[in-house]
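Read off the chains here:
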Amino acid sequence: MKNIGILALQGSVEEHRRMLEKLDCRITEVKKPADLAGIDGIILPGGESTTIGKLLNRCSLFAPLKEKIENGLPVWGTCAGMILLAKEIEDEQPHLAVMDIKVKRNAYGSQLDSFSTKEKICEISKQPIELVFIRAPYVSGISGAAKSLLTLNNHIVAVKEKNMLATSFHPELTDDLSIHRYFAEKMI
Ligand code: GLN
């Protein structure tokens, strides 16, 4: 059985757990370096990237997590998680800096500008998937091996690069398991 970690420092941890529980996998909440041992992949949830970035340092997770991802650990960042993975953040210092993308934080405005829509992501599912954007980033630049999976109004909102997946939106806030299943079954 695959053992999937969820970075559990802040943010939508419970929501991701609820989704993974519906798939056939073991779940490990990652709060300290020892929790990284034995996981087959990790989800970086939505939340507040600045806070999660600080907590990664405080919990001594920053270096071991970055190293594991660079060595091929499958990772999926949702929203704030996407920001943590990016090598560039507009007007700010990057965090884990592992993915060849540049992101713009809060690119759609404030909480009041949150929205949801439905789109098909061909790589992931034949059906349209509900996409929930909450103070979401988008990808404003892409390079290297990073490949866009979905653009919305000319902005990239889902991207994949080798063992790394990043989405601007929150599949864990919907009932659609497609992306969790894709991550657990196709990337791990
Ligand atoms: N706006 C948040 C940030 O910049 C991300 C929001 C989210 O994860 N829903 O970190």
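Residues numbered from 1 in each chain as written. Predicted model: local features only at pLDDT ≥ 70, side-chain atom pairs only at ≥ 80, totals over all residues. Heavy atoms only, no water.

I'm lost on the packing of aromatic side chains in this one. Help?
The geometry of an aromatic ring pair is captured by two quantities: the separation of the ring centres and the angle between the planes. Counting across every chain of the model gives six aromatic pairs. These aromatic residues form a ring-pair network of at least three members: Tyr-108, Phe-115, Phe-133, Tyr-138 and Phe-169. (Phe/Tyr/Trp six-rings, centres within 6.5 Å; stacked < 30°, edge-to-face > 60°.)

Please explain the pattern of salt bridges as it appears in this structure.
A side chain of one charge can pair with a side chain of the opposite charge if their charged atoms are brought near each other. Under the counting rule described, the total for this entry stands at twelve salt bridges. Glu-29 is the salt-bridge partner of Arg-17, the closest N and O atoms lying 3.2 Å from each other. Of this pair, Arg-17 sits in helix 1 (residues 13-20) while Glu-29 is found in strand 2 (residues 25-30), placing the two residues twelve residues apart along the sequence. For Arg-17, a relative accessible area of 22% gives the class partly exposed. One salt-bridge network, held together by shared partners, links Arg-17, Glu-21, Glu-29 and Lys-31. (Salt bridge = Lys/Arg side-chain N within 4 Å of Asp/Glu carboxyl O. Helix = DSSP H or I, 4+ residues; strand = E, 2+ residues; numbered from the N terminus. Buried < 20%, exposed > 50% of the residue type's maximum accessible area, 1.4 Å probe, protein only.)

Explanation requested: helix 1 in the structure shown.
Residues separated by three or four positions in an α-helix point in the same direction, a consequence of the helix having 3.6 residues per turn. Taken together, the buried positions of helix 1 are occupied by Val-13, His-16, Met-19 and Leu-20. Buried residues along helix 1 cover an arc of 125 degrees about the axis, so they all sit on one side. Taken together, the buried residues of helix 1 touch strand 1 (2-7), strand 2, strand 3 (41-44), strand 4 (75-78) and helix 5 (178-187). (Arc of directions from axis to C-beta. Contact = heavy atoms within 4.5 Å.)

Nothing here speaks to function; it is all geometry.
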